[in-house]
Amino acid sequence: ESVNHLHRTAFHFQPPKHWINGTLISLFVRPVYYKGFYHLFYQYNTKGAVWGNIVWAHSVSKDLVNWEALEHALYPSKWFDIKGTWSGSITIVPGKGPIILYTGVNQNETQIQNYAIPKDPSDPYLRKWIKPDDNPLVMPDYTMNGSAFRDPTTAWFSKDGHWRTVVGSKRKHRGIAYIYRSRDFKHWVKGKHPVHSKESTGMWECPDFFPVSTTDFQNGLDLDYTGSNTKHVLKVSLDITRFEYYTVGKYDPKKEKYVPNGDTPDGWDGLRFDYGNFYASKTFFDYKKNRRILWGWANESDTVEDDISKGWAGLQVIPRTVLLDANKKQLVFWPIEEIESLRSNYVRMNNKNIKTGQRLEVKGITPAQADVEVTFNVGQCLDKAEEFDPSYTFKPLDLCKIKGSNVTGGVGPFGLITLATPDLEEYTPVFFRVFKDTSTDKPKVLMCSDARPSSLKQDRGPLKQDRMYKPSFAGFVDVDLSDGRISLRSLIDHSVVESFGALGKTVITSRVYPVKAVKGNAHLYVFNNGTQTVNIESLDAWSMEKPLQMMNNGAL
Ligand code: FRU
């Protein structure tokens with residue numbers, strides 16, 4: 001089998017070939033004890049570039065940038081997982097070591113929760129895993145939907161002497177997160193009520209449930225942290241539309257109940273970790289640096305036939321730190337600092353005005369493999385922002401579709417044009433558009449990452465499955481622009497553009513497949529298509545190197 005490299009990434013995690021499904025599980029094993037490896041386990045098809053034949057593939061890293069592939073950790077072999085070793089997570093249990101909780105699929109296609117332990121806990125690579133014969137740990141009871149019961153979270157230990165884990169599910173159209181508790185990690189009892197549920201959201205895949213500090217906006221929290229200065233976050237992945245949403249709220253450990261804050265939407269229009277191509281994400285607490293790290297999966301946006309012919313599908317976005325925003329209503333995300341070790345050629349721009357219709361090229365770096373951070377100042381012209389009618393019922397995505405990067409506004413659209421040809425036959429613009437909310441007189445900022453003009457590639461046919469997916473992804477950015485500034489950072493890597501608005505308040509990942517704007521023919525610009533001049537306070541851009549060790553040591 002051959003692998004087509006044209007759109008493969010340089011500094012994102014990708015196995016050398018075949019399908020990777022995000023549902024990723026990672027942990028940092030305490031450095032002294034396990035010699036400081038980060039472990040990544042991911043759903044992987046051993047046989048092809050579509051979903052199927054799923055095993056737990058395993059890689060280790062010392063810096064989350066360079067990765068070494070190991071043998072598969074789990075694959076179907078026992079009656080309790082003969083039809084699937086699906087997603088789950090890892091918990092480090094004091095005195096016992098790391099324990100995997102995962103979903104097995106049995107002969108009847110029932111989803112059940114199992115565990116696995118390292119064969120040799122003193123092996124820093126944790127190469128071999130055992131699935132003890134006293135599995136499964138949990139079978140769905142008669143009140144539950146056995147074909148929708150999966151993806152146990154990392155367990156946490158509470159003062160009452162119990163471990164707890166959350167498992168995703170649904171009943172009819174109601175999305176559900178069940179909670180289980182155990183004293184010995186073997187005997188698990190279901191909570192009286194689900195920890196949370198929501199009508200008409202469908203299956204909750206890959207739930208994630210973790211505390212965030214309301215007083216320390218620098219460090220992450222481990223799952224068993226208790227203290228009054230916390231809120232909890234519940235994230236779910238919705239399999240109907242393949243996007244995730246989260247809420248910020250309060251967990252009551254006595255009642256085993258989570259309640260989202262009253263002012264956050266809970267459901268289809270909820271907040272998102274990433275408003276683009278991003279799914280099946282998981283966070284983990286990194287003991288080494290006291291941070292919570294989010295890792296998500298970006299599937300392909302071309303067709304299944306394209307995936308088969310290119311021989312690979314899916315990648316992991318750059319890991320991101322997760323913190324509660326100082327407004328305590330949402331999270332903020334930022335690429336882990338380790339990725340900056342790959343920065344090379346550096347260019348900078350300062351205090352440059354960019355007028356209506358102007359496009360400035362960023363030269364001196366490799367635009368198809370780059371990291372760029374720009375801070376705009378629009379303080380002078382906010383009164384010229386177009387009006388945002390509060391009765392607009394448009395979703396951000398539709399608004400971006402109508403008001404694309406070429407539709408002149410007052411303040412904006414302005415931003416970056418990535419993976420572009422000089423004549424803009426192909427380009428992926430990432431930009432802001434500032435409105436004035438007429439009900440509050442405050443700015444309302446839309447951020448877009450628009451894949452519509454990204455590729456000249458012809459569709460294979462008129463049907464949906466034959467067309468490349470080129471959405472105008474978008475989200476609002478909750479900033480008041482009181483100091484006039486708004487920043488944008490994009491990590492560009494051949495077929496993926498990850499963009500962070502306002503230091504990570506709104507994040508959008510796009511997958512794109514240019515035909516001409518590839519490798520050395522790709523260009524990067526800053527643009528402004530608003531009527532008002534915008535100031536580039538600063539722009540810093542780097543070429544990105546390929547990590548020395550990135551899985552090119554062959555899949556095992
Ligand atoms: C998420 C998911 C999980 C499941 C796994 C199977 O994409 O569907 O719910 O455990 O993938 O590979």
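Residues numbered from 1 in each chain as written. Predicted model: local features only at pLDDT ≥ 70, side-chain atom pairs only at ≥ 80, totals over all residues. Heavy atoms only, no water.

Asks: I keep staring at the overall build of the chain and nothing clicks. Help me out?
Replies: Looking only at helices and strands, the chain features three helices and 37 strands. The C-alpha atoms of the chain give 23 Å as radius of gyration, which agrees with the globular expectation for 556 residues (24 Å, within 12%). Along the three orthogonal principal directions, the C-alpha set of the chain runs to about 70 × 55 × 50 Å. Expressed as a percentage of its 556 residues, the buried residues of the chain come to 62%. Contacts in the chain between residues far apart in sequence, at least 24 positions, make up 65% of those at least 6 positions apart. As presented, the chain carries roughly 21,700 Å² of accessible surface, and 51% of it is formed by carbon and sulfur atoms. (Helix = DSSP H or I, 4+ residues; strand = E, 2+ residues; numbered from the N terminus. Rg over C-alpha atoms; globule rule 2.2 N^0.38 Å. Buried < 20%, exposed > 50% of the residue type's maximum accessible area, 1.4 Å probe, protein only. Contact = heavy atoms within 4.5 Å. Areas by Shrake-Rupley, 256 points an atom, 1.4 Å probe, with all protein chains shown as cover.)

Asks: Mind showing me how you'd approach the site of the ligand here?
Replies: Taken together, eleven residues surround the ligand, and among them Gln43, Trp51, Arg150, Asp151 and Glu205 come closest. Isolated, the ligand exposes 320 Å² of accessible area, and the fraction of that covered by the protein chains is 95%. Put simply, the parts of the chain that give the shell around the ligand at least two residues each are β1 (18-28) and β5 (84-93). A breakdown of the residues in the shell around the ligand according to their chemical character gives three nonpolar, four polar and four charged. (Near = heavy atom within 4 Å. Nonpolar A, V, L, I, M, F, W, Y, C, P; charged D, E, K, R; others polar.)

Asks: Please explain the pattern of salt bridges as it appears in this structure.
Replies: For the structure on display, the rule yields 41 salt bridges. Salt-bridge contacts for aspartate 134 lead to lysine 186; the nearest nitrogen and oxygen are separated by 3.6 Å. Residue aspartate 134 is found in the loop between β8 (129-130) and β9 (149-150), and its partner lysine 186 is found in the loop between β12 (174-182) and β13 (189-190); the two are separated by 52 residues along the sequence. Given the relative accessible area of 42%, aspartate 134 is considered partly exposed. A salt bridge links aspartate 274 to arginine 320; its shortest N-O distance comes to 2.9 Å. With aspartate 274 in the loop between β18 (257-260) and β19 (279-286) and arginine 320 in strand β23 (residues 320-324), this residue pair connects regions lying 46 residues apart in the sequence. Assessed through its relative accessible area of 2%, aspartate 274 is described here as buried. (Salt bridge = Lys/Arg side-chain N within 4 Å of Asp/Glu carboxyl O.)

Asks: Looking at this structure, I do not really get unusual backbone geometry. What am I missing?
Replies: Glycine aside, a negative phi is what most residues show, and trans is what most peptide bonds show. Following asparagine 135, the chain continues to proline 136 via a peptide bond in cis, the omega torsion being -5 degrees. Tracing the chain through its elements places proline 136 in the loop between β8 and β9. The peptide bond linking glycine 412 to proline 413 adopts the cis configuration, its omega dihedral lying at 5 degrees. By the element assignment, proline 413 lies in strand β29 (residues 411-420). Phi is positive for leucine 64, which is not a glycine, with a value near 65 degrees.

Asks: Would you mind showing me how to read the layout of surface pockets here?
Replies: By rolling a water-sized probe across the atoms, one finds the places where empty space is left. Reported here for the second largest pocket is a volume of approximately 640 Å³. Forming the walls of the second largest pocket are 36 residues, and the residues nearest its centre are Val332, Phe333, Trp334, Ala502 and Leu503. Those elements giving two or more residues to the lining of the second largest pocket turn out to be β20 (291-298), β23, β24 (331-335), β27 (369-377), β33 (485-493) and β37 (534-544). Per-element accounting of the lining of the second largest pocket gives the leading share, five residues, to β33. Partitioned by chemical class, the residues of the lining of the second largest pocket number 15 nonpolar, eight polar and 13 charged. (1 Å grid on protein atoms, 1.4 Å probe; cavity = no way out; pocket = protein on both sides within 12 Å on 5 of 7 lines; lining within 4 Å. Points joined across faces, edges and corners; volume = space filled by probe spheres on them.)

Asks: Would you mind showing me how to read the confidence of the model for the chain here?
Replies: Note that predicted coordinates carrying low pLDDT should not be read in detail. Predicted confidence across the chain gives a mean pLDDT of 93, with 96% of residues reaching 70 or more. This stretch, residues 28-33, has a pLDDT under 50; its non-local contacts, to residues over four places away or in other chains, come to 19 contacts. Two summary scores accompany this predicted model of the complex, namely pTM at 0.96 and ipTM at 0.96. (pLDDT = per-residue confidence, 0-100.)

Asks: Help me understand the packing of aromatic side chains in this model?
Replies: Here a ring pair, both rings aromatic, is described through the centre-centre distance and the interplanar angle of the planes. If you walk through the whole model with that rule in mind, you get 34 aromatic pairs. Arranged with centres 6.3 Å apart and planes meeting at 75 degrees, the rings of tyrosine 38 and phenylalanine 284 form a pair that is edge-to-face. Here tyrosine 38, found in strand β2 (residues 38-45), pairs with phenylalanine 284, found in strand β19; they are 246 residues apart in sequence, far enough to count as distant. With respect to class, tyrosine 38 is no different from phenylalanine 284; both count as buried. An angle of 55 degrees between the planes, with centres 5.0 Å apart, marks the rings of phenylalanine 157 and tryptophan 163 as tilted. Classification of tryptophan 163 by relative accessible area gives buried; the value is 8%. Taken together, the ring pairs connect Phe13, Tyr42, Tyr44, Trp67 and Trp295 into an aromatic cluster. The lysine or arginine in question, lysine 62, covers the ring of phenylalanine 37, its NZ or CZ lying 4.9 Å from the ring centre. Lying over the aromatic face of tyrosine 75, lysine 131 brings its terminal NZ or CZ to 5.8 Å of the ring centre. (Phe/Tyr/Trp six-rings, centres within 6.5 Å; stacked < 30°, edge-to-face > 60°. Lys NZ or Arg CZ within 6 Å of the ring centre and 35° of its normal.)

Asks: Sorry, what's going on with the sheet that holds β5 here?
Replies: Pairing between the strands of a sheet comes from backbone hydrogen bonds, and it takes one of two forms, parallel or antiparallel. In spatial order, the strands read β5-β6-β7-β8; together these four strands make up an open sheet with antiparallel pairing. What marks the edges here is a single partner per strand, and that holds for β5 and β8. Direction of pairing for strand β7 (residues 111-118) relative to β8: antiparallel, over a ladder of two bridges. Paired with proline 118 across the bridge in β8 is tryptophan 129. (Pairing = 2+ DSSP bridges.)

Asks: Honestly, the pairing of strand β36 (residues 523-528) in this entry has me stumped. Any pointers?
Replies: The side chains of a regular strand alternate between the sheet's two faces. Along β36, five of the six residues are buried, which leaves the element largely enclosed by surrounding structure. The pairing of strand β26 (residues 359-361) with β36 spans three bridges and is antiparallel. Bridging across to β36, arginine 359 finds its partner in phenylalanine 527. Pairing of β29 with β36, which is carried by five bridges, proceeds in the antiparallel orientation. Paired with isoleucine 417 across the two strands is tyrosine 525, which belongs to β36.

Asks: Is there a simple way to think about the sheet that holds strand β34 (residues 496-501) in this case?
Replies: Spatially, the six strands line up as an open sheet ordered β25-β37-β27-β33-β34-β35, and their pairing is antiparallel. In this open sheet, the two strands that pair with only one neighbour each are β25 (343-354) and β35 (506-511). Across the sheet, the mean angle separating the axes of adjacent strands is 10 degrees when strand polarity is ignored. Note that β27 and β33 share nine bridges and pair antiparallel. When the sheet's bridge partners are listed, alanine 370 is paired in β33 with isoleucine 492. (Axes fitted to C-alpha atoms, helices over the stretch in contact; angles between N-to-C directions.)

Asks: How should I be thinking about the side chain of glutamate 338 in this particular structure?
Replies: Considering the arrangement of structural elements, one finds glutamate 338 in the loop between β24 and β25. Judged by its relative accessible area of 12%, glutamate 338 falls in the buried class. Within polar-contact distance, the side chain of glutamate 338 engages the side chain of arginine 291 at 2.7 Å. Setting aside anything within four residues of it in sequence, one finds glutamate 338 in contact with Tyr38, Asp63, Val65, Lys289 and Arg291. (Polar contact = N/O pair within 3.5 Å; in protein donor to acceptor, adjacent residues only side chain to side chain.)

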